[in-house]
Amino acid sequence: MTGRFITFEGGEGAGKSTQVRALVAHLRDLGLEVVQTREPGGSSGAEALRELLVTGETGRWSPLSETLMMYAARANHLEQVIRPALERGAWIVCDRFADSTRAYQGAGGGVTPDLIETIDRAVVGETQPDLVIVMDMPPAAGLRRALSRGDDENRFESKGLAFHERLREGFLRRAATHPQRYRLIDADRPIEDIRVNIWAEVSDRFPELKGS
Ligand code: TMP
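Note that the coordinates shown come from a computational prediction; the quantities given were computed from them, not determined experimentally.

Parameters at a glance
- Residues numbered from 1 in each chain as written.
- Predicted model: local features only at pLDDT ≥ 70, side-chain atom pairs only at ≥ 80, totals over all residues.
- Heavy atoms only, no water.
- Phe/Tyr/Trp six-rings, centres within 6.5 Å; stacked < 30°, edge-to-face > 60°.
- Helix = DSSP H or I, 4+ residues; strand = E, 2+ residues; numbered from the N terminus.
- Buried < 20%, exposed > 50% of the residue type's maximum accessible area, 1.4 Å probe, protein only.
- Near = heavy atom within 4 Å.
- Polar contact = N/O pair within 3.5 Å; in protein donor to acceptor, adjacent residues only side chain to side chain.
- Areas by Shrake-Rupley, 256 points an atom, 1.4 Å probe, with all protein chains shown as cover.
- Salt bridge = Lys/Arg side-chain N within 4 Å of Asp/Glu carboxyl O.
- Pairing = 2+ DSSP bridges.
- Axes fitted to C-alpha atoms, helices over the stretch in contact; angles between N-to-C directions.
- Contact = heavy atoms within 4.5 Å.
- Arc of directions from axis to C-beta.
- Lys, Arg positive; Asp, Glu negative; His and termini not counted.

J.: Now, about the packing of aromatic side chains: what can you tell me, with residues and values included?
T.: Geometrically, a pair of aromatic rings is defined through the distance of the ring centres and the angle of the planes. Inspection of the entire model under this criterion finds four aromatic pairs. With a centroid separation of 5.0 Å and 75 degrees between ring planes, the pair formed by Phe-5 and Phe-97 is classed as edge-to-face. Placement of the pair is Phe-5 in strand 1 (residues 4-10) and Phe-97 in the loop between strand 3 (91-95) and helix 4 (98-108), with a sequence separation of 92 residues. Assessed through its relative accessible area of 1%, Phe-97 is described here as buried.

J.: Residue-level account of the site of the ligand, with values.
T.: The immediate surroundings of the ligand are formed by 14 residues, with Glu-12, Arg-50, Arg-96, Thr-101 and Gln-105 found nearest. Between Glu-12 and the ligand, the recorded distance is 2.7 Å, taken from a side-chain N or O atom to an oxygen atom. Note that an oxygen atom of the ligand is positioned 2.6 Å from one of the side-chain N or O atoms of Thr-101. When isolated, the ligand has an accessible area of 480 Å², and the protein chains bury 92% of it.

J.: Describe the pattern of salt bridges, listing the residues and the values that go with them.
T.: In the structure shown here, the tally under the stated rule is 16 salt bridges. A salt bridge links Arg-102 to Glu-117, with the nearest nitrogen and oxygen atoms 2.7 Å apart. Here Glu-117 lies in helix 5 (residues 113-123) and Arg-102 lies in helix 4, a separation of 15 residues in the sequence. Classification of Arg-102 as buried rests on a relative accessible area of 13%.

J.: Give me the sheet that holds strand 1: which residues, what numbers.
T.: Within the open sheet, the five strands sit side by side as 2-3-1-4-5. Their pairing is parallel. Looking at the sheet topology across the chains shown, the edges are occupied by strand 2 (34-38) and strand 5 (182-186). This sheet shows a mean twist of 20 degrees between the axes of neighbouring strands, independent of strand direction. With five bridges connecting them, strand 1 and strand 4 (residues 131-136) associate as parallel partners. Within the sheet, the bridge partner assigned to Gly-10 lies in strand 4 and is Met-135. Along the sheet face, helix 1 (residues 16-29) touches strand 1, strand 2, strand 3 and strand 4 and points at about 170 degrees away from the line of strand 3.

J.: Describe in detail helix 5, supporting the description with residues and values.
T.: Within helix 5, the full set of buried residues consists of Ile-116, Ile-119, Asp-120 and Val-123. Mapping the buried residues of helix 5 onto a view down its axis gives an arc of 105 degrees, with all of them on the same face. Of the exposed residues in helix 5, those oriented more than 90 degrees away from the buried face are Asp-114, Arg-121 and Ala-122. Elements in contact with the buried residues of helix 5: helix 3 (63-87) and helix 4.

J.: Summarise the side chain of Glu-157; cite the residues concerned and give the values.
T.: By the secondary structure assignment, Glu-157 is in the loop between helix 6 (139-147) and helix 7 (161-177). Despite its burial, Glu-157 pairs with no opposite charge; the closest candidate is Arg-149, at 4.4 Å N-O. Those residues within four positions of Glu-157 in sequence are excluded, and the remaining contacts are Glu-12, Leu-143, Ala-146, Leu-147, Arg-149 and His-164.

The analysis is restricted to geometry; functional conclusions fall outside its scope.
Next up, the structure:
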């Protein structure tokens, strides 16, 4: 039996983490084994790379360096956490995954899709998400929310509104061209409405959950 792989994506301050927690709790209530994880990070090597990636000066890494480091972290996360969990039949709920590289380093940072897809094939290969929840909201509002958290993980938040507009477009394009695996969620609504909407999409994608 192999498990199921669900990822959450979106810009800054879209409320992903709250919705990840709600979905994990719902699936666990059904008696499923669920691994809640995140990127960059999710394994000890990848968490060490996260620290380098999300803190410090905006210009510390170029988009190309970021891409290689994100995929180095992702390789470690896949090897140590994601693939073993899928093999034992667990559900994975991951806060960001490869679509963040496509959006932030690709659409936002200018790394070509060809290069990202070449690396993705080598690192992620067949371990593609079964479902990608894309939480969409206007970047200005999301950035305000994210910056008000006041933590030091703000390297990407500091890249300017035009960058965040581009990566939003990147997520929207990706969702539009892969309608079966990607579900677009309007994240500019009350938390409970979003939670109900996400559960409807998840149970639609995985009919075995219907009626639960
Ligand atoms: P978080 O704030 O959602 O935990 O994500 C950390 C930051 O890392 C966020 O600003 C988006 C960025 N990021 C990328 O730029 N590329 C990636 O591949 C991933 C996974 C995250």
